[in-house]
Amino acid sequence: MTIDAIQSLCDQLAVHADPAVSRAAKDIARLSKVLSDDLTKAMAQSSTISAKLKVLSAEIKRLKTQLKNGQRARYGPKSEQSALGGDGEDQSDGDQSNFDDDDDDDEKDSPDEAEAPPVSNVGKGKKKKEYPAHLRREIRELDPTSDQLCACGCGYRLVGTEVRERLAYKEAEIYVIKEIYSKNACKNCGHFAQRPVPEHPFDGSGFDTSMFIAVLIKKYADFLPLNRIKDIFGRKGVYIDRSTLSRLMKKAKDALKPIYEALLADIKLASKLHMDETHLGQLFPGLGKLKTCRIWALCRDDRRWGGNKPPAVAFKYTQTREGIHAETMLSGFEGILQVDAYSGYNRLTSSTRIGSPIKLAFCWAHVRRKFWEEPQSNKSKPARKIVGMIRKLYQVEGEMKGKAHVVRQATRKRDSTAIVDGIFAYLKAYARTGAMKSKLGEAVNYALKLEGGLRIFLEDGRVEMDNNNVENTIRPLVQLRKASLFTGSADGGETWAIIASLVGTCRINNIDPHAYITWLCEKFTEKVPRGRYDELLPWRFAEELELKLRL
């Protein structure tokens, strides 16, 4: 019997002729009302506690996922190769509305790794080693020794030669150049003559240009901090203070800055660029503090679709991560910029920007990474399905490598558009379930928020699916950061950015940075006008070197 029924009966008995029955009915009515209020409060409290438990359960699951991701990042394999098996999709029933995260049969969905087929050695004989043609050849002609010759006296004639090449190494030598300038005077008229001192790019120091280049390459191409370089020189008996080496790099930065500016201007002539940023610590002497600053990377790389511009990268050092720095670096650029989801880039799309607004294309690799992390920590069928669908996009891209942008655009329209539509339809269906407080929900929100920018690669064959091109250019900078830990000043950070830009551009063009910087210093002595500094960029050196080898 419900409380309402009891109340109704009590109302009928309250008018009973017997006073005892009437009083009992009124007491029962009063008690039932109190019980009803208490029961309502208890049910409300139970409902609140149940909701809190659901929130706490989702938070615990999210934190466990973060913990597992952190443990895997520190102790697990670094590769993001999926261990999901097959194409990574949920093969249960093909129903897109099935969002069950806890699937006990997930292990059965991942087939055991097939045995690798035996590798045949037929036709794989020992190949002759070929060394680069530009290396110096030290020729040694070795004739038979006297005890190998016969004693008949008939003489020998050359019937052939056997040539063997070995790659040799000579340790770097530190030596002193002593220049003696003779002073001459005419006996009759007293005319004085002395050869003028040749100009050097780094005048005003006791170091030859070769020493500047050696320190520059060791630090910015081989990632050795200055204190290690000092120790290397010390083993030769040459003791150069770390602060002196730092001043050498500042002089090098001042000399190379105009080339860096020409490089940045050339990069911004492209219609499509990549941009990213990474952190760098700056030490504040006397305060005992290390401030987190940023290095921005702007990259041009059109090799995947056969663009006619050589790849290049330019870095910029700033003390904050504000979007104004990206806007300043991109001053004069108009086109498509491929970036991650950092909100500081949004100001580039403003109609008030000087020049036309920039169109932002976003990165599918960042989206994939968020879904890839989920099945590594939890058995998540929706995440597995999304990873598998994104893998299909990359398979389409792999088949188009090196093809013209018009071909890429047509192929994407035919093969990739339907996959992308399917991905976002699945994500929107998942979002309607309301399970958005989990780590998977955060990944779904991330992808849906960027939908417009993630679709741009379907509209333009020049745009890549991801931002990996610029991230690859940052990796050497990260190695340098790990070795040197921090920069001592803002000026030191600018030195990092300028020299790393030229060395990084050499690296992605397969140019020896030592040879390029040496060539560049020779060009400086020829007094090349500032207006022609675009002729001193790394690929110009490669063109000149190739021409010399042909001749």
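No experiment lies behind these values; they were computed from the predicted model shown.

Peer 1: Looking at this model, I keep getting lost on the overall build of the protein chain. Mind explaining?
Peer 2: Looking only at helices and strands, the protein chain features 17 helices and eight strands. A total of 551 residues make up the protein chain; the buried ones form 38% of that total. For the protein chain, long-range pairs separated by at least 24 residues make up 68% of all intrachain contacts whose partners lie at least 6 apart in sequence. Working note: accessible area of the protein chain is about 34000 Å², and carbon and sulfur atoms make up 53% of it.

Peer 1: I tried to follow empty space enclosed by the protein on my own but got confused; where do I start?
Peer 2: Enumeration over the complete set of coordinates arrives at three cavities of 30 Å³ or more. By volume, the largest cavity is sized at about 70 Å³. Lining the largest cavity are Tyr220, Phe223, Phe315, Thr473, Pro476, Leu477, Leu480, Ala500, Val503, Gly504 and Arg507. Those elements that place two or more of their residues in the lining of the largest cavity are helix H14 (468-484) and helix H15 (490-508). Class assignment of the residues belonging to the lining of the largest cavity gives a composition of eight nonpolar, two polar and one charged.

Peer 1: I tried to follow the environment of arginine 321 on my own but got confused; where do I start?
Peer 2: By the element assignment, arginine 321 lies in the loop between strand E5 (312-318) and helix H7 (323-329). Judged by relative accessible area, which is 34%, arginine 321 ranks as partly exposed. Residues arginine 321 and isoleucine 295, 26 residues apart in the sequence, show an inter-C-alpha distance of 8.9 Å. Aside from chain neighbours lying at most four places away, what touches arginine 321 is Glu277, Arg294, Trp296 and Tyr342.

Peer 1: Quick question: what am I supposed to make of the pairing of strand E4 (residues 289-300) here?
Peer 2: Residues in a regular strand project their side chains so that they alternate between the two faces of the sheet. The sheet contact formed by strand E3 (residues 272-284) and E4 spans eleven bridges and is antiparallel. Considered in E4, the bridge of glycine 281 is made with threonine 292. Remark: four residues form the turn of the hairpin made by E3 and E4, two consecutive strands paired antiparallel; glycine 286 in that turn has positive phi of roughly 90°. Two elements, E4 and E5, share seven bridges in a ladder whose sense is antiparallel. By the bridge assignment, leucine 298 is partnered in E5 with alanine 314.

Peer 1: Got a minute to help me understand the pattern of salt bridges in this structure?
Peer 2: Once their charged atoms are close, side chains differing in charge can pair, the charge on each being opposite to the other. On inspection of all chains with the given rule, the structure shows 30 salt bridges. Put simply, lysine 272 and aspartate 302 hold a salt bridge, and the shortest N to O gap is 3.6 Å. Note that lysine 272 is positioned in strand E3 and aspartate 302 in the loop between E4 and E5, a separation of 30 residues in sequence. Neither residue differs from the other here; lysine 272 and aspartate 302 are each classed as buried. Arginine 347 is paired through a salt bridge with glutamate 327; the nearest N and O atoms lie 2.6 Å apart. Taken together, the positions of arginine 347 in the loop between strand E6 (336-338) and strand E7 (359-361) and glutamate 327 in helix H7 put the pair 20 residues apart, joining distant regions of the chain. Each of the salt bridges in this network shares a partner with another, and the network as a whole consists of Lys250, Lys253, Asp254, Lys257, Asp491 and Glu494.

Peer 1: Help me understand unusual backbone geometry, please; the structure alone is not making it clear to me.
Peer 2: Even without glycine at this site, asparagine 510 takes up a positive phi of about 55°. When its relative accessible area of 75% is taken as the criterion, asparagine 510 is described as exposed. The phi dihedral of lysine 527 falls on the positive side, at around 60°, and the residue is not glycine. Relative to the elements of secondary structure, lysine 527 occurs in the loop between helix H16 (513-524) and helix H17 (538-550).

Peer 1: Before we go on, may I ask you to explain the nonpolar core in this structure?
Peer 2: A general trend in soluble globular proteins is that nonpolar side chains are found buried together. Among the nonpolar cores identified, the biggest contains 110 residues, and Leu216, Met275, Leu337, Trp364, Phe371 and Tyr516 are the most heavily contacted of them. Ranked by the residues each element gives to this core, the list is headed by helix H6 (residues 242-267), at twelve residues. Among all residues touching methionine 275, those that are not within four sequence positions of it are Trp296, Ala297, Leu298, Ala326, Met329, Leu330, Leu337, Gln338, Val339, Tyr345, Asn467 and Val470.

Peer 1: Looking at this structure, how should I read the side chain of lysine 523?
Peer 2: Residue position: lysine 523 is located in helix H16. Contact partners of lysine 523, with chain neighbours within four places excluded, come to Val528, Leu536 and Glu544.

Peer 1: So what exactly am I meant to see when it comes to the packing of aromatic side chains here?
Peer 2: Any aromatic ring pair is given by two values, namely how distant the centres are and how the planes are angled relative to each other. This model, assessed by the stated rule, comprises eight aromatic pairs. One Lys or Arg, lysine 219, reaches over the ring of tyrosine 220 and ends 5.5 Å from the middle of that ring. Note that lysine 370 overlies the ring of tyrosine 446, its terminal NZ or CZ placed 4.7 Å from the centroid.

Peer 1: Quick question: what am I supposed to make of the side chain of histidine 274 here?
Peer 2: On the secondary structure map, histidine 274 appears in strand E3. Judged by its relative accessible area of 0%, histidine 274 falls in the buried class. Only 3.4 Å separates the side chain of histidine 274 from the side chain of lysine 272, close enough to count as a polar contact. Among the polar contacts listed, one links the side chain of histidine 274 to the side chain of asparagine 467, at a separation of 2.9 Å. Beyond its immediate chain neighbours, meaning those up to four positions away, histidine 274 contacts Ala297, Leu298, Cys299, Asp301, Leu337, Gln338, Glu464, Asp466, Asn467, Asn469 and Val470.

Peer 1: I would appreciate a short explanation of the pairing of E3 in the present structure.
Peer 2: Within E3, ten of the 13 residues are buried, which leaves it mostly tucked inside the rest of the structure. Pairing of E3 with E6 involves three bridges; the strand directions are parallel. Bridge assignment links histidine 274 to a residue of E6, and that residue is glutamine 338. One ladder, built from two bridges, connects E3 with strand E8 (residues 486-487); its direction is parallel.

Peer 1: Is there a simple way to explain the packing of H14 against H15 in this structure?
Peer 2: When two helices pack together, you describe them by how their axes are tilted relative to each other and by the distance separating the axes. For the pair H14 and H15, the least separation of the axes is 10 Å and the interaxial angle reads 135°. Considering their axes alone, H14 and H15 lie oblique with respect to each other. Both H14 and H15 take part in a crossing whose hand is right-handed. Listed contacts from H15 to Thr473, Pro476, Leu477, Leu480, Arg481 and Ser484 of H14 are Trp496, Ala500, Arg507 and Ile508. Among the residues forming the contact of H14 with H15, the class breakdown is six nonpolar, two polar and two charged.

Peer 1: Please explain the confidence of the model for the protein chain as it appears in this structure.
Peer 2: Detailed reading of the predicted coordinates is not advisable wherever pLDDT falls low. Scored by pLDDT, the protein chain comes out at a mean of 82, with 83% of its residues at no less than 70. Taking the mean pLDDT of every element in the protein chain, the minimum, 40, falls on helix H3 (residues 106-109) and the maximum, 95, on E5. Residue range residues 85-96 is modelled with pLDDT below 50. Its contacts to residues more than four positions away, or to other chains, number 24 contacts. Confidence over residues 102-117 falls short of pLDDT 50; this stretch has 18 contacts with residues more than four positions distant or in other chains.

Procedures and definitions
- Residues numbered from 1 in each chain as written.
- Predicted model: local features only at pLDDT ≥ 70, side-chain atom pairs only at ≥ 80, totals over all residues.
- Heavy atoms only, no water.
- Helix = DSSP H or I, 4+ residues; strand = E, 2+ residues; numbered from the N terminus.
- Buried < 20%, exposed > 50% of the residue type's maximum accessible area, 1.4 Å probe, protein only.
- Contact = heavy atoms within 4.5 Å.
- Areas by Shrake-Rupley, 256 points an atom, 1.4 Å probe, with all protein chains shown as cover.
- 1 Å grid on protein atoms, 1.4 Å probe; cavity = no way out; pocket = protein on both sides within 12 Å on 5 of 7 lines; lining within 4 Å.
- Points joined across faces, edges and corners; volume = space filled by probe spheres on them.
- Nonpolar A, V, L, I, M, F, W, Y, C, P; charged D, E, K, R; others polar.
- Pairing = 2+ DSSP bridges.
- Salt bridge = Lys/Arg side-chain N within 4 Å of Asp/Glu carboxyl O.
- Core = buried A, V, L, I, M, F, W, Y, C linked by side-chain atoms within 4.5 Å.
- Phe/Tyr/Trp six-rings, centres within 6.5 Å; stacked < 30°, edge-to-face > 60°.
- Lys NZ or Arg CZ within 6 Å of the ring centre and 35° of its normal.
- Polar contact = N/O pair within 3.5 Å; in protein donor to acceptor, adjacent residues only side chain to side chain.
- Axes fitted to C-alpha atoms, helices over the stretch in contact; angles between N-to-C directions.
- Parallel < 35°, antiparallel > 145°, perpendicular 65-115°, else oblique.
- Left-handed = near helix turned anticlockwise from the far one by under 90°.
- pLDDT = per-residue confidence, 0-100.

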